[in-house]
Amino acid sequence: MFKLISLLSACLVATTAMAEISDLNQNQIERIQQEKDYVGVINPMSLELASSNDDITSGGFNDLMKYVVATPDQEDAGSCLYMSHTGVVEWWYNRLNNLTGSRKVDFAERYYMSLKTEKTNQEEIDNWRTDNIRRINKSSIFFSNKDYRFTKGYYKRVDGKRVVTDKEDEDASYGTSYNWINLTDEISKDANVFKLPKFKREVLFADAERDQWAVGKAPKDIVERIKNALHKRNAPVLVIYNHKGFWHANYIFGYNDNADTKGCPFTTSFITRMQEKYDYWIEKSQTTESDKWRQKYLGYADKAKRREAAVKNRLEEVGGCAKKGVFYVRDSIYGTDTMPEYDYDFSQKGEEGHLNAPLIAREFAWVQTTLNHAIQIYPEGME
């Protein structure tokens, strides 16, 4: 029989939709790994003692960090929305049960991904960018990463659907995208079942056109909206934004008005990246012999130029790069070599990778310029 583990307080909710997975290609992954487009990181596994002398956190709003759990690097899974939702749910479970340090529960991102694969509670999801938490409310249970591990495996596509295969299959791919295959029936009958409350969400901002790539559209007071929400329920805020050409999701769990922004590395690199993209697509348009592809390339170039202009204009509107002010972010695409190694596949060697730093500091201008959706997830009864 499954062992049922109850929450001390009750509350939880779920989501839906087509094309809601942000896929990263290998070039994007490698560039992310090489770039340091953030103000800084804090690496300790336990954040309760996150250096009071550290210039990133000293004097900041640090109350929420002790319930944060570092995540494996998603690599090419395109799973950011489900990594961040899982992170918020496990944060709430740890907070409601006062689990800190080594007692914190590490929930299975792969389980949330399986709910999406099976379209669980799809009828309750109007806008997947804001409503995704409703998937979990269907059963209000979760499993730990220990019992349904974020992994790597061999898979291929059959009629557009990922299926399990083996390395002998000439059509096989290997990697973290394997986690989209629903194998929940293989979870051990002895696995712990974590009972969850029902969740709701408050929308702090949603792009009117439901555009997860939108930039320059966040309200000018978005920083204050997020800060106020962090204090209102003493809980994280989940955000979606344009990460220099692909949409991405993570969650914010604190801030420091006094931390040096170090020149706003994310925002400035966004502008640079759009310039590079524009030049790349213009060159492609000039070298192709196909009129059809020339027009496509010119369209891509125009999109990059418009995004560059929108971010520049918004940055000017908010007064440029402020010298101080950062958010604390838990992300799933910044494996850090000072963090412990994570073994994705116990059956192989050489596929390991480092966990993400549990705290990445990013300048306020990041959300002012590139954010397009922000929600706060919370248990029922905490309105």
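Residues numbered from 1 in each chain as written. Predicted model: local features only at pLDDT ≥ 70, side-chain atom pairs only at ≥ 80, totals over all residues. Heavy atoms only, no water.

Comments concerning unusual backbone geometry
In this structure, E75 is a non-glycine residue whose phi angle is positive, near 50°. Structurally, E75 can be placed in the loop between β2 (40–42) and α2 (80–96). We classify E75 as partly exposed; its relative accessible area is 22%. We note that K262 has phi near 55°; this positive angle belongs to a residue other than glycine. Relative to the helices and strands, K262 resides in the loop between β10 (246–260) and α6 (265–287). (Helix = DSSP H or I, 4+ residues; strand = E, 2+ residues; numbered from the N terminus. Buried < 20%, exposed > 50% of the residue type's maximum accessible area, 1.4 Å probe, protein only.)

Digging into the nonpolar core
The tendency in soluble globular proteins is for nonpolar side chains to be buried as a group. Residues I226, I252, F253, F327, W366, V367 and L371 are the most contacted members of the largest nonpolar core, which totals 94 residues. With ten residues, α2 is the largest single contributor of residues to this core. Residue contacts for F327: discarding those within four places in its chain leaves V223, I226, K227, I252, G254, Y255, I360, A361, R362, F364, W366 and V367. (Core = buried A, V, L, I, M, F, W, Y, C linked by side-chain atoms within 4.5 Å. Contact = heavy atoms within 4.5 Å.)

Overview of the pairing of strand β4 (residues 153–158)
On a regular strand, one side chain projects to one face of the sheet and the next to the other, so that they alternate. The pairing of β4 with strand β6 (residues 173–175) spans three bridges and is antiparallel. Following the sheet pairing, Y154 is matched in β6 by Y174. The pairing of β4 with strand β5 (residues 161–164) spans four bridges and is antiparallel. Bridge pairing links K156 to V163 in β5. Connecting the antiparallel pair β4 and β5 is a turn made up of two residues, with D159 showing a positive phi of about 55°. (Pairing = 2+ DSSP bridges.)

Comments concerning α6
A turn of α-helix holds 3.6 residues, and therefore any two residues three or four places apart point the same way. The first and last C-alpha atoms of α6 sit 33 Å apart over 23 residues, in line with the 33 Å expected at 1.5 Å per residue. Buried within α6 we find P265, F266, T267, S269, F270, I271, R273, M274, I282 and S285. (Expected span 1.5 Å × (residues − 1).)

Notes on the pattern of salt bridges
Under the defined criterion, the tally for this structure stands at 24 salt bridges. Of the charged contacts, one joins E90 and R330 as a salt bridge, the two residues approaching to 3.2 Å between their closest N and O atoms. With E90 in helix α2 and R330 in strand β11 (residues 324–330), this residue pair connects regions lying 240 residues apart in the sequence. Neither residue differs from the other here; E90 and R330 are each classed as buried. As a salt-bridge pair, D302 and R306 come within 2.8 Å of each other at their nearest N and O atoms. Here R306 and D302 lie together in helix α7 (residues 291–317), a separation of four residues that amounts to about one turn. The exposure class of D302 is partly exposed, given its relative accessible area of 39%. Three or more residues joined by partner-sharing salt bridges are found here, namely D37, K244 and R362. (Salt bridge = Lys/Arg side-chain N within 4 Å of Asp/Glu carboxyl O.)

Considering α2
Here α2 spans 24 Å end to end across 17 residues, near enough to the 24 Å set by a 1.5 Å rise per residue. Within two residues after α2, N98 carries a phi angle of roughly 55°, on the positive side.

Section: the sheet that holds β4
Taken in spatial order, the three strands make up an open sheet running β5-β4-β6, and their pairing is antiparallel. One side of each edge strand has no neighbouring strand; the edge strands of this open sheet are β5 and β6. With strand direction ignored, the average angle separating the axes of adjacent strands in the sheet is 45°. (Axes fitted to C-alpha atoms, helices over the stretch in contact; angles between N-to-C directions.)

Some points on the confidence of the model for the protein chain
For the protein chain, the mean per-residue pLDDT works out to 91, and 89% of the residues sit at or above 70. This stretch, residues 1–18, has a pLDDT under 50; its non-local contacts, to residues over four places away or in other chains, come to 90 contacts. (pLDDT = per-residue confidence, 0-100.)

A word on the packing of α6 against α7
For the pair α6 and α7, the least separation of the axes is 8 Å and the interaxial angle reads 160°. Viewed along their axes, α6 and α7 adopt a mutual orientation that is roughly antiparallel. Our pair here, α6 against α7, has a crossing hand that is left-handed. Judged by residue contacts, T267, F270, I271, M274, Q275, K277, Y278, W281, I282, K284 and S285 of α6 engage R294, Y297, L298, Y300, A301, A304, K305, R307, E308, V311, K312 and L315 from α7. Residues that form the contact of α6 with α7 fall into these classes: 13 nonpolar, three polar and seven charged. (Parallel < 35°, antiparallel > 145°, perpendicular 65-115°, else oblique. Left-handed = near helix turned anticlockwise from the far one by under 90°. Nonpolar A, V, L, I, M, F, W, Y, C, P; charged D, E, K, R; others polar.)

Structural notes on the environment of M65
Tracing the backbone shows M65 in the loop between β2 and α2. By relative accessible area, which is 4% here, M65 ends up buried. In this structure the C-alpha to C-alpha distance between M65 and L359, which are 294 residues apart in sequence, comes to 8.3 Å.

What to know about the packing of α2 against helix α3 (residues 109–117)
Between α2 and α3, whose axes approach to 9 Å, the crossing angle comes to 120°. Our classification of the angle between α2 and α3 gives oblique. Crossing of α2 over α3 shows right-handed handedness. On α3, the residues that touch Y82, M83, H85 and T86 of α2 are E109, Y112, M113 and K116.

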